[in-house]
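# Geometric and topological summary
The lines below spell out each chain.
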Amino acid sequence: MLAKAFFVGFIALLAAVEFGQVTVRLPFPPGVEYDYMAEPPAEGLPLKWDKGFKVENDVLTKAKFVLADEIVGVETVAVAPDGKLGLVDRFGKIFIATPDGRGGYSIPKEPLAYSSPGRTLGVKFDADGDLYMANSPLGLLQLVAPGDAENQKLVLATGRISDESPLLPGYPVEFANALDIASDGTVYFSSSTDVLAYKTEDSSWDVLDSVFVTIAKGAPAGMLLAYHPSNGSTIALMDKLWFGNGVALSPAEDYVLVADSIQMRIHRYWLQGPKAGSSEVFMDNLPGPPDGISLAGDGVNFWVTIYSEPSALMSLTHIRLVRVLTAWAPRLMRLLGVQMPRRGVVLKVSPQGQVLQVLGDATGKVMYGVTSAVEADGKLFLGTIRRKGVPVLDLKAIQ
Ligand SMILES: *[C@@H]1O[C@H](CO)[C@@H](O)[C@H](O)[C@H]1NC(C)=O
């Protein structure tokens, strides 16, 4: 009798959660708590992706890891014209790595500076050799004159949208993720969500829970932004991305691509021409979450990395109870020692959004969780958020 009453009560509780009568306090992160889920769930759920996609080559297994004992969790590699690499690890240590002439790199023992607090993801050198860094929760950082003992300084370029922005004036930029820089110095960058990066047990910074809690909330807060260094103004170009990620300008700088990792699509925002100021879907139904986007060495096409293979549960994210579970998923997986399925995918994509080439590692033997791919000097420098070293793929070796 008691068991039956308990069972009925439990079902009633689940129903109350599902229909929004009971709000669910989402677990995350220390100091920041979300006790609501979008009501009704925002458009865009359940999540959709290309489930039939098969990886048919193992080209990515040819990647060689450099600096494997020296650095961990480099999300994006910045490559300077002289071949030096700008690297920020998961602890926020900023390094410049110098080619050693034998295909390897050397870095000093001590970092140049710390981008802490927070997780630095996208990085890129500007025309003056200063290193821009996208960080959560700080915003867009700049290491001026890196390595120049006299003049080096770390500055916050922007952490807030300017009051004159037509979209989201005054809004904080707390999850800068990826960036590209135009020839006039304008920095186009994404902000992923309002669920910030957080410090983990080993004092490094992580963002995985932010992705899952954002799905659970169902209230997209990602943006595409433009920062003008000449006058310091920060303008929001797009809002309501579920998880703004990779950013890449077209060769003519007439449009900028921005990934939405959760929606597994890429948008094109027009900067010039008849459609200037508007956006359209550039690629949809990708085989998983797009992460980094960059212009390929051919100066025409783009590299797009696909971070992972979504769990089947993501097809059920229109159900509130599944979203509650989603918020907890990374913690449950850590607790139970379960890992995400491993798969490495990098796509070469045409300016028309057609997939021209797939670089793969079907079972993630060598490469998985690829966060970015940056081409320089015939090599593809790959990013990963938790792994040691920097994987480098010699593109000539895979022809
Ligand atoms: C800042 O500079 C940009 C680019 O030149 C310009 O479009 C914008 O209007 C300027 N903003 C202000 C407040 O001057």
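This is a predicted model, so every value here is computed, not measured. (Residues numbered from 1 in each chain as written. Predicted model: local features only at pLDDT ≥ 70, side-chain atom pairs only at ≥ 80, totals over all residues. Heavy atoms only, no water.)

### So, the overall build of the chain
Applied cut-off: Helix numbering and strand numbering both begin at the N terminus, where a helix is a DSSP run of H or I of at least 4 residues and a strand a DSSP run of E of at least 2. Using a 1.4 Å probe on the protein chains alone, a residue whose accessible area is under 20% of its type maximum counts as buried, one over 50% counts as exposed, and one in between counts as partly exposed. We call two residues contacting when some pair of their heavy atoms lies within 4.5 Å. Only the protein chains shown count as covering a residue, and every accessible area follows the Shrake-Rupley method with a 1.4 Å probe.
Across its full length, the chain carries three helices and 27 strands. Dimensions of the chain along its principal axes, counting C-alpha atoms only, are 75 × 50 × 45 Å. Out of the 399 residues belonging to the chain, those deemed buried represent 55%. Counted over contacts in the chain with a minimum sequence separation of 6, partners at least 24 positions apart contribute 55%. Approximately 17,500 Å² of the chain is accessible, and the part contributed by carbon and sulfur atoms is 56%.

### Observations concerning the pattern of salt bridges
Put simply, the test is: Salt bridges are identified by distance alone: a Lys or Arg side-chain nitrogen within 4 Å of an Asp or Glu carboxyl oxygen.
For the structure shown, the criterion picks out 15 salt bridges. For Arg 334, the salt bridge goes to Asp 209, with nearest N and O atoms at 3.1 Å. Linking Arg 334 in helix H3 (residues 320–336) with Asp 209 in helix H2 (residues 208–217), this pair joins segments that are 125 residues apart in sequence. Judged by its relative accessible area of 1%, Asp 209 is buried.

### Here we look at the sheet that holds strand S15 (residues 222–228)
Inclusion rule: Strands pair, by our definition, only if DSSP identifies at least two bridges between them. Axis definition: a line fit to C-alpha positions, over the contact stretch in the case of helices; interaxial angles, taken between N-to-C directions, run 0 to 180 degrees.
Across the sheet, which stays open at both edges, the four strands sit in the order S11-S12-S15-S16 with antiparallel pairing between neighbours. Strands with a single pairing partner mark the edges of an open sheet, and in this sheet they are strand S11 (176–181) and strand S16 (233–241). Across the sheet, the axes of successive neighbouring strands diverge by a mean angle of 20°, strand direction being ignored. Both strand S12 (residues 187–191) and S15 contribute to a ladder of five bridges, which runs antiparallel.

### Remarks on the pairing of S15
Among the seven residues in S15, six count as buried, and that is most of the element. Pairing geometry for S15 and S16, over six bridges, is antiparallel. Bridge pairing in S16 links Ala 226 to Ile 235. What sits between the antiparallel neighbours S15 and S16 is a turn of four residues, in which Gly 232 has the positive phi angle 75°.

### Some thoughts on the site of the ligand
Convention followed: Residues are counted as near a molecule or strand when any one of their heavy atoms sits within 4 Å of it. Polar contact is the term for a pair of N or O atoms within 3.5 Å; when the atoms are in protein, one must be able to donate a hydrogen and the other to accept it, and sequence-neighboring residues count only if both atoms are side-chain atoms. Throughout this entry, Asp, Glu, Lys and Arg are counted as charged residues, while Ala, Val, Leu, Ile, Met, Phe, Trp, Tyr, Cys and Pro are counted as nonpolar. The remaining residues, Gly among them, count as polar.
Surveying the vicinity of the ligand reveals the residues Glu 164, His 228, Asn 231 and Ser 233. Between the ligand and Asn 231, the relevant distance is 2.4 Å, taken from an oxygen atom to a side-chain nitrogen or oxygen of the residue. Alone, the ligand offers 370 Å² of accessible surface; in the complex the protein occludes 39% of this. By residue class, the composition of the shell around the ligand is no nonpolar, three polar and one charged.

### As for a nonpolar patch on the surface
Test applied: Patch construction takes residues with relative accessible area above 30% that form no salt bridge. Like charges are linked within 9 Å, and nonpolar side chains (Val, Leu, Ile, Met, Phe, Trp, Tyr) are linked within 5 Å.
Together, Leu 313, Leu 316, Leu 325, Trp 328, Leu 332, Leu 335, Leu 336 and Val 338 make up an exposed nonpolar region whose accessible area comes to about 750 Å². Relative to the helices and strands, Leu 325 is located in helix H3.

### A word on unusual backbone geometry
For the bond running from Leu 45 to Pro 46, omega is 0°, close enough to zero to count as cis. Locating Pro 46 in the fold gives a position in the loop between helix H1 (2–18) and strand S1 (64–66). Residue Pro 117 is reached from Ser 116 by a cis peptide bond, and omega for that bond is 0°. Residue position: Pro 117 is located in the loop between strand S6 (113–114) and strand S7 (119–125). Located in the positive-phi region is Leu 168, a residue other than glycine, with phi close to 50°. In this structure, Leu 168 sits in the loop between strand S10 (153–158) and S11.

### Examining the sheet that holds strand S23 (residues 344–349)
One open sheet accounts for four strands, arranged S21-S22-S23-S24; its pairing is antiparallel. With one partner strand each, in any of the chains shown, strand S21 (290–295) and strand S24 (355–361) form the two edges of the open sheet. Put simply, the sheet's adjacent strands are angled 20° from each other on average, direction ignored. Inspection of the sheet shows strand S22 (residues 302–306) paired to S23 by five bridges, in the antiparallel sense. Bridging across to S23, Phe 302 finds its partner in Val 349.

### Here we look at the UniProt feature "domain: Strictosidine synthase conserved region" (unreviewed entry) in the chain
Rule in force here: UniProt positions are given in the numbering used here, feature names are shortened, and annotations may be inferred rather than shown by experiment.
As recorded in UniProt, the feature "domain: Strictosidine synthase conserved region" (unreviewed entry) lies at residues 177–273. End C-alpha to end C-alpha, residues 177–273 measures 27 Å, and it is 10% helix and 49% strand.

### Quick look at the UniProt feature "signal peptide" (unreviewed entry) in the chain
Those residues carrying the UniProt feature "signal peptide" (unreviewed entry) are residues 1–16 in this numbering. Secondary structure content for residues 1–16 is 94% helix and 0% strand, and the end C-alpha separation is 22 Å.

### Side note on the layout of surface pockets
For clarity, the cut-off: Note on definitions: the grid is 1 Å and covers protein atoms alone; a cavity is a set of points where a 1.4 Å probe fits but cannot get out; a pocket is an open set with protein on both sides within 12 Å along at least five of seven lines; lining residues have an atom within 4 Å of a point. Grid points are joined across faces, edges and corners, and a volume is the space filled by probe spheres set on the points.
Estimated volume of the second largest pocket: approximately 820 Å³. Together, 30 residues line the second largest pocket, and Asp 206, Leu 208, Arg 334, Gln 339 and Arg 386 are the ones closest to its centre. The element best represented in the lining of the second largest pocket is H3, accounting for four residues. Its residues assigned to classes, the lining of the second largest pocket comprises 13 nonpolar, six polar and eleven charged.

### Digging into the side chain of Ser 350
Structurally, the position occupied by Ser 350 is in the loop between S23 and S24. Its relative accessible area of 5% is what places Ser 350 among the buried residues. In contact with Ser 350, not counting residues within four places along its chain, are Phe 282, Asn 301 and Leu 356.

### Description of empty space enclosed by the protein
A complete count under the given rule lists one cavity of 30 Å³ or more for this structure. One number sums up the size of the largest cavity: a volume of about 30 Å³. What lines the largest cavity is simply Tyr 171, Pro 172, Glu 174, Ser 191, Thr 193, Asp 194, Ala 221 and Met 223. A breakdown of the residues in the lining of the largest cavity according to their chemical character gives four nonpolar, two polar and two charged.

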